[in-house]
Amino acid sequence: MAENANKRNIPIKLGDFSVIDTEFSSIRERFDSEMKKMEEEMARFRSDLMNRESNFFESTSR
């Protein structure tokens, strides 16, 4: 009976979410964000490269 005196009922709320689903979603969001940054960086690099190429050919054709 002394054992029962030390037990406490702790309320637990059950929900429709999974820790794994939450973590996977978070990882996917970070991945998408990094991919967007990479695409922007590649577009900027491509634009800079095309500008340099254009300037180079303009200066050599004169």
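Because the structure is predicted, anything quoted here is derived from the model rather than measured.

Draft legend 1. How the structure looks around the overall build of the protein. When its secondary structure is counted, the protein shows 2 helices and 0 strands. Counting the 62 residues in the protein, one finds 0% classified as buried. For the protein, the computed accessible surface area is about 6,800 Å², with 56% contributed by carbon and sulfur atoms.

Draft legend 2. Structural detail: the pattern of salt bridges. Inspection of every chain in the model, using the stated rule, returns 2 salt bridges. Where Glu-34 meets Lys-37, a salt bridge forms, and the shortest distance between an N and an O atom there is 3.5 Å. Residue Glu-34 and its partner Lys-37 are both found in helix H2 (residues 19-60); the two are separated by 3 residues, about one turn of the helix. For Glu-34, a relative accessible area of 43% corresponds to the partly exposed category. Close ionic contact of Arg-44 with Glu-41 constitutes a salt bridge, the shortest N to O distance being 3.5 Å. Note that Arg-44 and Glu-41 are positioned in helix H2 at a spacing of 3 residues, about one turn of the helix. Judged by relative accessible area, which is 46%, Glu-41 ranks as partly exposed.

Draft legend 3. Summary view of H2. Look at H2: 61 Å from first C-alpha to last across 42 residues, which is about the 62 Å you get at 1.5 Å a residue. The backbone nitrogen of Ile-20 lies 3.3 Å from a side-chain oxygen of the residue at the head of H2, namely Ser-18.

Draft legend 4. Representation of the UniProt feature "coiled-coil region" (unreviewed entry) in the protein. Feature annotation in UniProt places "coiled-coil region" (unreviewed entry) on residues 28-55, given in this structure's numbering. Helix makes up 100% of residues 28-55 and strand 0%. Its end C-alpha atoms lie 40 Å apart.

Draft legend 5. Quick peek at a nonpolar patch on the surface. Nonpolar side chains collect at one region of the surface, where Ile-10, Ile-12 and Leu-14 lie side by side and expose about 420 Å² of accessible area between them. Along the chain, the position of Ile-10 falls in the loop between helix H1 (2-6) and H2. Judged by its relative accessible area of 63%, Ile-10 falls in the exposed class.

Here is what the cut-offs are and how they apply
- Residues numbered from 1 in each chain as written.
- Predicted model: local features only at pLDDT ≥ 70, side-chain atom pairs only at ≥ 80, totals over all residues.
- Heavy atoms only, no water.
- Helix = DSSP H or I, 4+ residues; strand = E, 2+ residues; numbered from the N terminus.
- Buried < 20%, exposed > 50% of the residue type's maximum accessible area, 1.4 Å probe, protein only.
- Areas by Shrake-Rupley, 256 points an atom, 1.4 Å probe, with all protein chains shown as cover.
- Salt bridge = Lys/Arg side-chain N within 4 Å of Asp/Glu carboxyl O.
- Expected span 1.5 Å × (residues − 1).
- Polar contact = N/O pair within 3.5 Å; in protein donor to acceptor, adjacent residues only side chain to side chain.
- UniProt positions renumbered as here; feature names shortened; annotations may be inferred.
- Patch = residues over 30% accessible without salt bridge, like charges linked within 9 Å, V, L, I, M, F, W, Y side chains within 5 Å.

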